[in-house]
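Architecture at a glance
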Amino acid sequence: MAEAKVLSGAGLRGQVAGQTALSTVGQAGAGLTYRGYDVRDLAAGAEFEEVAYLLLYGELPSKAELADYKRKLKGLRDLPQALKEVLERIPRDAHPMDVMRTGCSVLGTLEPELTFDAQREKTDRLLALFPAVMCYWYRFTHHGVRIDCTSDEDTLGGHFLHLLHGKKPSALHVKVMNVSLILYAEHEFNASTFTARVCASTLSDLYSCVTAAIGSLRGPLHGGANEAAMELIERFQTPQEATAELLRMLERKDKIMGFGHAIYKESDPRNEVIKGWAKQLADEVGDKVLYPVSEAIDKTMWEQKRLFPNADFYHASAYHFMGIPTKLFTPIFVCSRLTGWAAHVFEQRANNRIIRPSAEYVGVEQRQFVPIEQR
Ligand SMILES: CC(=O)SCCNC(=O)CCNC(=O)[C@H](O)C(C)(C)COP(=O)(O)OP(=O)(O)OC[C@H]1O[C@@H](n2cnc3c(N)ncnc32)[C@H](O)[C@@H]1OP(=O)(O)O
Ligand SMILES: O=C([O-])CC(=O)C(=O)O
């Protein structure tokens, strides 16, 4: 069993920084819940749009409400021409998270949130069009194609795959995208969500909160870990090679991306779900390398460090098997986590006090100012 962490000091670890009714993370007997529902039940039985509705509107939708919501989102998928023009100007070798951040920010100038009454409308618009922001830029700069940003795909996950690959995705791939988007949707006071809440606490607009959150998610210690995990996995041809190099990396005290967690102590409940789907996708494509290599890394990390895969590790191979370029992994996280970020912004706004902690001063004692001529 992994040792209990010391929950104090650096990184605000273990300190309660506010209240939320949105999710619980790592509570005994309930690994991860969204508004009281176990994420594993949601991933097994719900559509991502149902979960988005749950987070943003407070309760699971009825059949009629879900149909209306999906119809509404479908009608909001296209990008404004001015945003397409901006995306075309962003270089091909830009990081796609910078593209998402810029896309969000530009939309904030084109369709600003003028009052907080518009917060849900603006969130639905971002939810519907984020896949197109990523895919329009990617297909234009990498393939020279100006894609149609609408599709008649029923779900957001299917819509994303359709825009990316320019064709109807398989039912299995739509299913896995749906599960993935559910798993990534919400996670209490993680770094990017806390960023969004800090920004919201100044009474700033939704686009600023989301733009700031995207910046936090980008780092490899947070959302960027799925991309970093892929870069690790694809270095190896065999499980033996992976194990040998892992031991060397651990000896050097390297951080292994996709392992460990700030809150979970023994396992990340999202891992078993996405690992199962990664295995199904591996079987579908007849993979004999990536999945066994991933399992070897997983085993070595547990044996050597008692560290377990977090949500990001098996997402890497799952996305890869669906033909998604590695650099788009973290932007997919944005498309999902937007729901959690926005729900936290609404919650912060509903009971706001500016977030402004104190610092422990560790600098020099107070001293006499010396004019520049005398220094
Ligand atoms: C969706 C998500 O955002 S999930 C998180 C994604 N991030 C990653 O996968 C990046 C890799 N993981 C990490 O860097 C960390 O585990 C974090 C950032 C997730 C959590 O950080 P912390 O809460 O500070 O970690 P924690 O307190 O458990 O660290 C305990 C020890 O394990 C080590 N450790 C933790 N994770 C790892 C890892 N992935 N590889 C190697 N060692 C690790 C730490 O270095 C630390 O050792 P030390 O005491 O000798 O310094
Ligand atoms: O909670 C965290 O610190 C990171 C995480 O797993 C997430 O944001 O999904």
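Residues numbered from 1 in each chain as written. Chains lettered and ligands numbered in written order. Predicted model: local features only at pLDDT ≥ 70, side-chain atom pairs only at ≥ 80, totals over all residues. Heavy atoms only, no water.

1. Here we look at the layout of surface pockets
Space inside the second largest pocket adds up to approximately 410 Å³. Forming the boundary of the second largest pocket are 18 residues, of which A17, G18, Q19, Q348 and I355 lie nearest the centre. Listing elements by their share of the lining of the second largest pocket, those giving two or more residues are α9 (191-200) and α16 (329-350). Taken together, the residues of the lining of the second largest pocket break down into seven nonpolar, seven polar and four charged. (1 Å grid on protein atoms, 1.4 Å probe; cavity = no way out; pocket = protein on both sides within 12 Å on 5 of 7 lines; lining within 4 Å. Points joined across faces, edges and corners; volume = space filled by probe spheres on them. Helix = DSSP H or I, 4+ residues; strand = E, 2+ residues; numbered from the N terminus. Nonpolar A, V, L, I, M, F, W, Y, C, P; charged D, E, K, R; others polar.)

2. Structural notes on the packing of helix α11 (residues 225-233) against helix α15 (residues 313-321)
Packed helix pairs are characterised by how far apart their axes lie and by the angle those axes make with each other. Between α11 and α15, the least distance of the axes is 8 Å, while the angle of their chain directions is 75°. Put simply, α11 runs roughly perpendicular to α15. Between α11 and α15, the contacting residues are N226, A229, M230 and I233 on the first element and F313, A316, S317, Y319 and H320 on the second. Split by residue class, the contact of α11 with α15 holds six nonpolar, three polar and no charged. (Axes fitted to C-alpha atoms, helices over the stretch in contact; angles between N-to-C directions. Parallel < 35°, antiparallel > 145°, perpendicular 65-115°, else oblique. Contact = heavy atoms within 4.5 Å.)

3. Thoughts on the environment of I256
Note that I256 resides in the loop between α12 (239-251) and α13 (269-285). Given the relative accessible area of 6%, I256 is considered buried. A C-alpha to C-alpha distance of 12 Å links I256 and A242, two positions 14 residues apart in sequence. Discounting chain neighbours no more than four positions away, the residues touching I256 are L232, L246, M249, L250 and M301. (Buried < 20%, exposed > 50% of the residue type's maximum accessible area, 1.4 Å probe, protein only.)

4. Thoughts on unusual backbone geometry
Here the phi dihedral of E188 falls at roughly 50°; this positive angle occurs in a residue that is not glycine. Positive phi values are uncommon outside glycine, yet K253 reaches one of about 65°. Using a relative accessible area of 72% as the deciding quantity, one classes K253 as exposed.

5. Some thoughts on the UniProt feature "active site" (unreviewed entry) in the protein
UniProt marks H261 and D312 with the feature "active site" (unreviewed entry), using the numbering shown here. In summary, the annotated positions, though distributed over 52 residues, converge in three dimensions, the widest C-alpha pair being only 10.6 Å. Of note is the side chain of H261, whose polar atom sits 2.9 Å from the backbone nitrogen of I263. With respect to the helices and strands, the residue D312 is situated in the loop between α14 (290-305) and α15. (UniProt positions renumbered as here; feature names shortened; annotations may be inferred. Polar contact = N/O pair within 3.5 Å; in protein donor to acceptor, adjacent residues only side chain to side chain.)

6. Comments concerning the pattern of salt bridges
All told, the structure shown has 22 salt bridges when counted by the stated rule. Across the salt bridge formed by R40 and D38, the nearest N and O atoms sit 2.8 Å from each other. Given the relative accessible area of 32%, R40 is considered partly exposed. Overall, the relative accessible area of 19% leaves D38 in the buried class. (Salt bridge = Lys/Arg side-chain N within 4 Å of Asp/Glu carboxyl O.)

7. Quick word on the domain arrangement of the protein
By a widely used convention, the size of an interface equals the accessible area lost when the partners come together. Parsing the protein into structural domains produces domain 1 (22-218 + 327-348) and domain 2 (223-320). Of note, the centres of domain 1 and domain 2, computed from C-alpha atoms alone, are 25 Å apart. Taken together, the contacts link 25 residues of domain 1 with 23 residues of domain 2. Among the residues domain 1 hides against domain 2, the three largest losses belong to L183, Y184 and F329. Together they make up 31% of the total. At the boundary of domain 1 and domain 2, one finds zero salt bridges. Mapped onto the side of domain 1 that touches domain 2, the elements with two or more residues apiece are β1 (23-27), β2 (30-34), α1 (39-45), α8 (171-184) and α16. The greatest single-element share of the side of domain 1 that touches domain 2, amounting to nine residues, is contributed by α8. Within the side of domain 1 that touches domain 2, the residues separate by chemical class into 13 nonpolar, seven polar and five charged. (Domains from an automatic or database assignment. Buried area = accessible area lost by both parts, 1.4 Å probe.)

8. With respect to the nonpolar core
In this structure, Y34, F130, I297 and I324 are the most contacted members of the largest nonpolar core, which totals 110 residues. Considering every element that reaches this core, the biggest residue donor is helix α6 (residues 119-143), with twelve residues. Structurally, this core is a two-domain feature, drawing no fewer than three residues from each of domain 1 (22-218 + 327-348) and domain 2 (223-320). The residues touching I297, leaving out its near neighbours within four places in the chain, are L232, I233, F236, A242, L246, F259 and F313. (Core = buried A, V, L, I, M, F, W, Y, C linked by side-chain atoms within 4.5 Å.)

9. What about α14?
Given a rise of 1.5 Å per residue, 16 residues ought to cover 22 Å, and the 22 Å separating the end C-alpha atoms of α14 matches this to within 8%. L290, Y291, V293, S294, A296, I297, D298, T300 and M301 are the residues of α14 that are buried. Elements that come into contact with the buried residues of α14 comprise α11, α12, α13 and α15. With its phi angle positive at about 55°, R306 sits one or two positions after the end of α14. (Expected span 1.5 Å × (residues − 1).)

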